Amino acid sequence: QVQLAESGGGLVQPGGSLRLSCAASGGSFSRLTIAWFRQAPGKEREFVAATRWTKTTHYADSVKGRFTISRDSAKNTVYLQMNSLQPDDTAVYYCAGDTGVILSSLRDHVHYDYWGQGTQVTVSL
């Protein structure tokens, strides 16, 4: 059973940066597709970024050029570096994992079996 734990959220001013971490345990990290989703109050959970076991990366248009996802296999951890943060980025950020997500499905949260508890990111003056 894979367990995921996020960390690194917090309060940041517009234009600032944060780095989120997603530490995985209990499974084969190298075979996992790991994605970040976010959910703001009153909104649906939305895809942010993903890194597949092939080490390819994928981004939502809204974060492309500002966010970077990376994976450290030695630490079984995936990072989300978030730059140029804006108030619209305010949400609870979740990391999700699965070994069986195909390319055409990785942006849909229903295809992920493993989830972290979430970490709050607030962008405000």
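Predicted model, so just to flag it, every value in this text is computed and none were measured.

S.K.: Explain the packing of aromatic side chains to me, and be specific about the residues and the numbers.
M.R.: All chains considered together, the criterion is met by five aromatic pairs. On the numbers, 5.8 Å between centres and 75 degrees between planes, the contact of F37 with F47 is edge-to-face. Placement of F37 in strand β4 (residues 33–39) and of F47 in strand β5 (residues 46–51) is noted, with a sequence separation of ten residues between them. Look at F37 and you get buried, because its relative accessible area is 0%. For F47, a relative accessible area of 8% puts it in the buried group. Pairwise contacts between aromatic rings join F37, F47, Y94, Y112 and W115 into one cluster.

S.K.: Any details on the sheet that holds strand β1 (residues 3–7)? Residues and values, ideally.
M.R.: Spatially, four strands are ordered β1-β3-β8-β7 in an open sheet, and the strand pairing comes out antiparallel. Edge strands, defined here as strands with exactly one partner in the open sheet, are β1 and β7 (67–72). Direction aside, the axes of adjacent strands within the sheet are offset by 15 degrees on average. As paired elements, β7 and strand β8 (residues 77–82) share six bridges and run antiparallel to each other. When the sheet's bridge partners are listed, F67 is paired in β8 with M82.

S.K.: Report on the environment of S25, specifying residues and quantitative values.
M.R.: Positionally, S25 belongs in strand β3 (residues 18–25). Taking the relative accessible area as the measure of exposure, S25 reaches 36% and is therefore partly exposed. Considering only alpha carbons, one finds S25 and Q3, 22 residues apart in sequence, at a separation of 5.2 Å. Residues within four places of S25 in sequence aside, it is in contact with Q1, V2 and Q3.

S.K.: Describe the pairing of β1, and please don't skip the residues or the numbers.
M.R.: Here β1 shows a buried face lined by L4 and E6 and an unburied face lined by Q3, A5 and S7. Of the strand pairs in this sheet, β1 and β3 are connected by five bridges, and their pairing is antiparallel. Among the inter-strand pairings, Q3 is bridged to a residue of β3, identified as S25.

S.K.: Outline the pairing of β4, listing residues and values.
M.R.: Regular strands show a simple pattern: their side chains alternate between the two faces of the sheet. With six of seven residues buried, β4 is to be regarded as a mostly interior element. Note that β4 and strand β9 (residues 91–98) share seven bridges and pair antiparallel. What sits directly across from A35, in β9, is A96. Bridge count between β4 and β5: five bridges; the pairing is antiparallel. Across the sheet, the residue bridging to F37 is F47, located in β5.

Conventions and cut-offs
- Residues numbered from 1 in each chain as written.
- Predicted model: local features only at pLDDT ≥ 70, side-chain atom pairs only at ≥ 80, totals over all residues.
- Heavy atoms only, no water.
- Phe/Tyr/Trp six-rings, centres within 6.5 Å; stacked < 30°, edge-to-face > 60°.
- Helix = DSSP H or I, 4+ residues; strand = E, 2+ residues; numbered from the N terminus.
- Buried < 20%, exposed > 50% of the residue type's maximum accessible area, 1.4 Å probe, protein only.
- Pairing = 2+ DSSP bridges.
- Axes fitted to C-alpha atoms, helices over the stretch in contact; angles between N-to-C directions.
- Contact = heavy atoms within 4.5 Å.

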